[in-house]
Amino acid sequence: MTALFSCNQQSGGAKKQRPSFKSILGLQFIEVRREFNTGLSFNDQGFQQEPDWKLYFLSEDSVMIYNPIKKVYFHYPVYHDHDSVFNIAREWLRLKEINRDSLTFQLLSVEEKKVSRQLSNVTMKFYSYTYLKEHIKQDPQKLQQPSSADSLFIRSKVMRANRNPFNPDSCFAARNPVKFTSINKNMQVNKVPIETNTYNLVNSSPSDAYLFPEYSITIHKAYKKFFYTFSVLVDQNGKMRINKFITSPEFETSRKKVLQGIVDVYLSHYLTVIPGSTLNIFHPSEITLHVRGMVQ
């Protein structure tokens, strides 16, 4: 394990005692809220912080964390670094609050083996199942839902994006990305898996599936053989307009015309388009297309 040093830790200062998990050993906790320091679970890009941890500590140095995909708890060692900073399940966390009712961690950012309070802007809030049952008396899944402040934030972003649907500075990633369905036997469309798309040549994250959605489209009986990769802005009504593509400067105008023609002639007629949405509200978003034309 790589040791970290706080950027504001003073040499020669009094060393703080390691916080203890002894008082909560064996108690099951569930994460009910994960948010940025803005108090929101969404950022401007459309990325959503989602509470999904369940855990209980076996000892001061070990914890069991639930894997929602495999539906089983896995054991992880707990490494103490300094102050109240721990490494748990490959995440650097600062313990901010601990009692038998709740836990609060600050999710830390790491740069050049240093952690920074300024860069650490995500908070994870946990409640014990006992506290939820005896005091909150509410289903934890309800507490995990986006807050009213989240809804107001998204609605304001949607209103701005809808006023400027083809302005890339106004659109944002849709939590539920654009969906395509082919209505012509000469066209096949598939969403590119996150582990193989353009943005994840090394590592992939589940959030990349909606932050950077990509689609592979094949058009049979096209006017000629071609292959283009480009991004489009899809507005709240499903209309598509070319945004980004790569070509030599002298060919930009002609290439953009060709690509928009492919979108208007083929994609708009051969596909049904369900726009991207966040919190059940349709809004403009950007997607990447890999379009192949086949003459047969």
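On a predicted model such as this, the values are computed, not experimentally measured, just so you know. Within every chain, residues take consecutive numbers counted from 1 along the sequence as written. Totals for whole chains, interfaces and linings use every residue, but because this is a predicted model, local features are given only for residues with pLDDT of at least 70 and side-chain atom pairs only at 80 or more, for both listing and counting. Here the side-chain values reflect all heavy atoms present in the structure, with hydrogen atoms and water set aside.

Colleague: Where do I start with the nonpolar core in this structure?
Modeller: Grouped together as the largest cluster of nonpolar side chains are 25 residues, with contacts concentrated most on F180, I217, I219, F230, V232, L267 and L289. Whether two residues are in contact is decided by their heavy atoms, any of which lying within 4.5 Å being enough. The residues contacting F180, other than those within four sequence positions of it, are V189, Y215, M240, L271, T272, V273, I287 and L289. F21, F36, F105 and V122 belong to the second-largest nonpolar core, a separate cluster that totals 23 residues. In this text, buried Ala, Val, Leu, Ile, Met, Phe, Trp, Tyr and Cys residues form a nonpolar core when linked through side-chain atoms within 4.5 Å. The rule is simple: take the accessible area with a 1.4 Å probe, protein chains only, and divide by the maximum for that residue type; under 20% is buried, over 50% is exposed, in between is partly exposed.

Colleague: Quick question: what am I supposed to make of the pattern of salt bridges here?
Modeller: Oppositely charged side chains may form a pair once their charged atoms are brought near each other. Salt bridges are defined by distance alone: a side-chain nitrogen of Lys or Arg within 4 Å of a carboxyl oxygen of Asp or Glu. Under the defined criterion, the tally for this structure stands at 9 salt bridges. Note that R175 is salt-bridged to E50, the shortest N-O span being 2.8 Å. Here R175 is found in the loop between α3 (148-163) and β12 (179-182), whereas its partner E50 is found in the loop between β2 (29-36) and β3 (54-59), with 125 residues between them in sequence. Here R175 falls in the partly exposed class, since its relative accessible area comes to 22%. Judged by relative accessible area, which is 35%, E50 ranks as partly exposed. Among the charged side chains, a salt-bridge network with shared partners connects E31, R34 and D52. Each helix is a run of H or I in the DSSP string that is no shorter than four residues. Each strand is a run of E no shorter than two, and both are numbered from the N terminus.

Colleague: Mind showing me how you'd approach α3 here?
Modeller: Two residues of an α-helix separated by three or four positions point the same way, owing to the 3.6 residues in each turn. Under the 1.5 Å per step criterion, the end-to-end length of α3 is 23 Å for 16 residues, consistent within 8% with the ideal 22 Å. Where α3 is concerned, the buried positions are D150, F153, I154, K157, V158 and A161. Seen end-on, α3 carries its buried residues on one side only, within an arc spanning 135°. Away from the buried face of α3 by more than 90 degrees, exposed residues S148, L152, M159 and R163 are located. The inward-facing, buried residues of α3 contact β2, β18 (277-278) and β19 (281-282). Multiplying one less than the number of residues by 1.5 Å gives the expected span of a helix. Working definition: the arc comes from the directions between the helix axis and the C-beta atoms, pointing outward to the latter.

Colleague: How do you make sense of the pairing of strand β6 (residues 85-88) when you look at a structure like this?
Modeller: Along any regular strand the residues' side chains alternate between the sheet's two faces. Residue alternation in β6 divides its side chains into two sets, V85 and N87 and F86 and I88, and both sets are buried. Here strand β5 (residues 72-82) hands over to β6 after 2 residues, with D83 in that stretch at a positive phi of 50°. The pairing of β6 with strand β7 (residues 91-98) spans 4 bridges and is antiparallel. Residue pairing for β7: I88 is matched across the bridge by E91. Here, a strand pair is defined by DSSP locating no fewer than two bridges between the strands. What sits between the antiparallel neighbours β6 and β7 is a turn of 2 residues, in which A89 has the positive phi angle 55°.

Colleague: What is the right way to read the environment of D208 from this model?
Modeller: Structurally, D208 is set in helix α4 (residues 208-211). When the C-alpha atoms of D208 and P193 are compared, they prove to be 9.6 Å apart, with 15 residues separating the residues in sequence.

Colleague: I keep staring at the sheet that holds β7 and nothing clicks. Help me out?
Modeller: Backbone hydrogen bonds hold the strands of a sheet together, and the pairing may be parallel or antiparallel. Around the barrel, which closes on itself, the 8 strands sit in the order β2-β3-β4-β5-β6-β7-β8-β11 with antiparallel pairing between neighbours. For this sheet the average axis-to-axis angle between neighbouring strands, irrespective of direction, equals 35°. Pairing of β2 with β3 involves 2 bridges; the strand directions are antiparallel. The partner of I30 across the bridge, within β3, is K54. Axes here mean lines fitted to C-alpha atoms, for a helix over just the part in contact, with angles spanning 0 to 180 degrees between N-to-C directions. Packing against the sheet, helix α1 (residues 129-136) makes contact with β2, β3 and β11 (122-128), and its axis sits at approximately 70° to β11.

Colleague: Please explain the environment of N186 as it appears in this structure.
Modeller: In this structure, N186 sits in the loop between β12 and β13 (187-191). Expressed as a C-alpha distance, the spacing of N186 and I219, which sit 33 residues apart in the sequence, is 5.8 Å. Sequence-distant contacts of N186, that is, excluding residues within four places in its chain, are made with T218, I219, H220 and K221.

Colleague: In this structure, what is going on with the sheet that holds β13? I would like to understand it.
Modeller: Spatial strand order, β13-β14-β20-β15-β16: 5 strands in an open sheet with mixed pairing. The two strands at the open ends of the sheet, each matched to only one other strand, are β13 and β16 (240-245). Between one strand axis and the next, the sheet turns by 30° as a mean value, whatever way the strands run. As paired elements, strand β15 (residues 226-234) and β16 share 4 bridges and run antiparallel to each other. Within β16, the residue paired with V232 across the bridge is I242. Contacts from helix α5 (residues 252-270) reach β13, β14 (214-219), β15, β16 and β20 (285-293) within the one sheet, and its direction differs from that of β16 by about 140°.

Colleague: Looking at this model, I keep getting lost on the packing of aromatic side chains. Mind explaining?
Modeller: What describes a pair of aromatic rings is the distance from one ring centre to the other and the angle between the planes of the rings. Two rings from Phe, Tyr or Trp (for Trp, the six-membered ring) form a pair when their centres sit within 6.5 Å of each other. Planes less than 30 degrees apart are called stacked, planes more than 60 degrees apart edge-to-face, and all others tilted. Evaluation of the coordinates by the stated rule reveals 11 aromatic pairs. Where F21 meets F57, the ring centres are 4.1 Å apart and the plane angle is 10°; that geometry is what we call stacked. Residue F21 is found in the loop between β1 (5-6) and β2, and its partner F57 is found in strand β3; the two are separated by 36 residues along the sequence. F21 gets classed as buried once you look at its relative accessible area, which sits at 0%. With 6.1 Å between their ring centres and 90° between their planes, F105 and F126 make a pair best called edge-to-face. In this pair, F105 is assigned in strand β8 (residues 102-107) and F126 in strand β11, connecting sequence segments 21 residues apart.

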